[in-house]
Amino acid sequence: MIYSAEVEHMCPVAKGAYHGPAPIPEEGRWVQAKEITDISGLTHGVGWCAPQQGGCKLTLNVKDGVIEEALIETIGCSGMTHSAAMCAEILPGKTILEALNTDLVCDAINTAMRELFLQIVYGRSQTAFSEGGLPVGAGLEDLGGTMRSQVGTMYGTKAKGARYLEMAEGYVTRLALDSDNLIIGYEFVNMGKLMKAVRAGGDANEALEKATGSYGRFADAVKYIDPRDE
């Protein structure tokens, strides 16, 4: 250790009481985090790239400082999906400090990692007050039984109004309009259920029928439109 001349000639003053860092909540415990291994929790971070062309939601399940589970969800950028594929291989097994200082290929994913790191090391995780936290595999619960991200895609113009293209329930096939041409419901196809039935060897038309549902006052519509064709 090198000290400046000014410091070398200073009179030593004893340090007072040391109480350590403020405790943070972690999986139902209060922890004075001093090492990376002191950090545990499951939480989420959202990131974006410099041109803000795409975004990423990152979910990590950290146990004793090590990432045991990672869920990477992306939107808006085709290249980001390939970055997410690499990220899913890179993150598990790393400590959160290693992950923070690892190039996760895409700026949006790197930013999500930064935001998530800030939450988890300050005790703001989703599992801060959950005794024992959540088991590895809990990240998949965000996707539901169909293992698909919750995606919403809407489009609208002043001239022609709104178009619902995809809702959390699924891919929108028809919009229901009333006598004033106001949207009162929609029909959707749950893509997860559809693909699961098709993979099982079922008839595609039957699978499509079983995976189709509706929301709102769909049955009361005066007119139905395809949001992609009209």
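The model shown is predicted, which means the values in this text are computed figures rather than measured ones.

Kindly report on the pairing of strand 6 (residues 153-157), identifying the contributing residues and their values.
Here strand 6 runs beside strand 7 (residues 161-167); their pairing, made up of five bridges, is antiparallel. Opposite Met 154, over in strand 7, you have Tyr 164 as the bridge partner. Between strand 6 and the antiparallel strand that follows it, strand 7, lie three residues.

I'd like to hear about the sheet that holds strand 5 (residues 66-75), residue by residue, with values.
One open sheet accounts for three strands, arranged 3-4-5; its pairing is antiparallel. Of all strands in the sheet, those bounded by a partner on one side alone are strand 3 (41-48) and strand 5. The sheet shows a mean angle of 15 degrees between the axes of neighbouring strands, direction not considered. Sheet strands in contact with helix 4 (residues 107-121) are strand 3, strand 4 (55-63) and strand 5, and its direction is about 140 degrees off that of strand 3.

Tell me about the pairing of strand 5, and name the residues and values.
Where strand 4 meets strand 5, nine bridges bridge the pair, whose relative direction is antiparallel. Considered in strand 5, the bridge of Leu 58 is made with Ile 72. The turn joining strand 4 and strand 5, which pair antiparallel and follow one another in sequence, is formed by two residues; a positive phi near 50 degrees is taken by Asp 64.

Describe the pattern of salt bridges, naming the residues involved and giving the relevant values.
This structure, assessed with the given rule, holds six salt bridges. The salt bridge involving Arg 114 is made with Glu 115; its shortest N-O contact spans 2.7 Å. Here Glu 115 falls in the partly exposed class, since its relative accessible area comes to 24%. Its salt-bridge partner being Arg 148, residue Glu 166 comes within 3.2 Å of it at the nearest N-O pair. Taken as a pair, Glu 166 in strand 7 and Arg 148 in the loop between helix 4 and strand 6 lie far apart in primary sequence, 18 residues in all. The class of Glu 166 is buried, set by a relative accessible area of 17%. Since its relative accessible area comes to 35%, Arg 148 is described here as partly exposed.

An account of the packing of aromatic side chains is needed here, citing residue identities and associated values.
For the structure shown, the criterion picks out five aromatic pairs. Taking 6.0 Å as the distance between ring centres and 80 degrees as the angle between the ring planes, the aromatic pair formed by Tyr 164 and Tyr 186 counts as edge-to-face. Here Tyr 164 is found in strand 7, whereas its partner Tyr 186 is found in strand 9 (residues 183-189), with 22 residues between them in sequence. You can call Tyr 164 partly exposed: its relative accessible area is 24%. Overall, Tyr 186 belongs to the buried group, its relative accessible area being 4%.

Scoring rules and cut-offs
Residues numbered from 1 in each chain as written. Predicted model: local features only at pLDDT ≥ 70, side-chain atom pairs only at ≥ 80, totals over all residues. Heavy atoms only, no water. Pairing = 2+ DSSP bridges. Helix = DSSP H or I, 4+ residues; strand = E, 2+ residues; numbered from the N terminus. Axes fitted to C-alpha atoms, helices over the stretch in contact; angles between N-to-C directions. Contact = heavy atoms within 4.5 Å. Salt bridge = Lys/Arg side-chain N within 4 Å of Asp/Glu carboxyl O. Buried < 20%, exposed > 50% of the residue type's maximum accessible area, 1.4 Å probe, protein only. Phe/Tyr/Trp six-rings, centres within 6.5 Å; stacked < 30°, edge-to-face > 60°.

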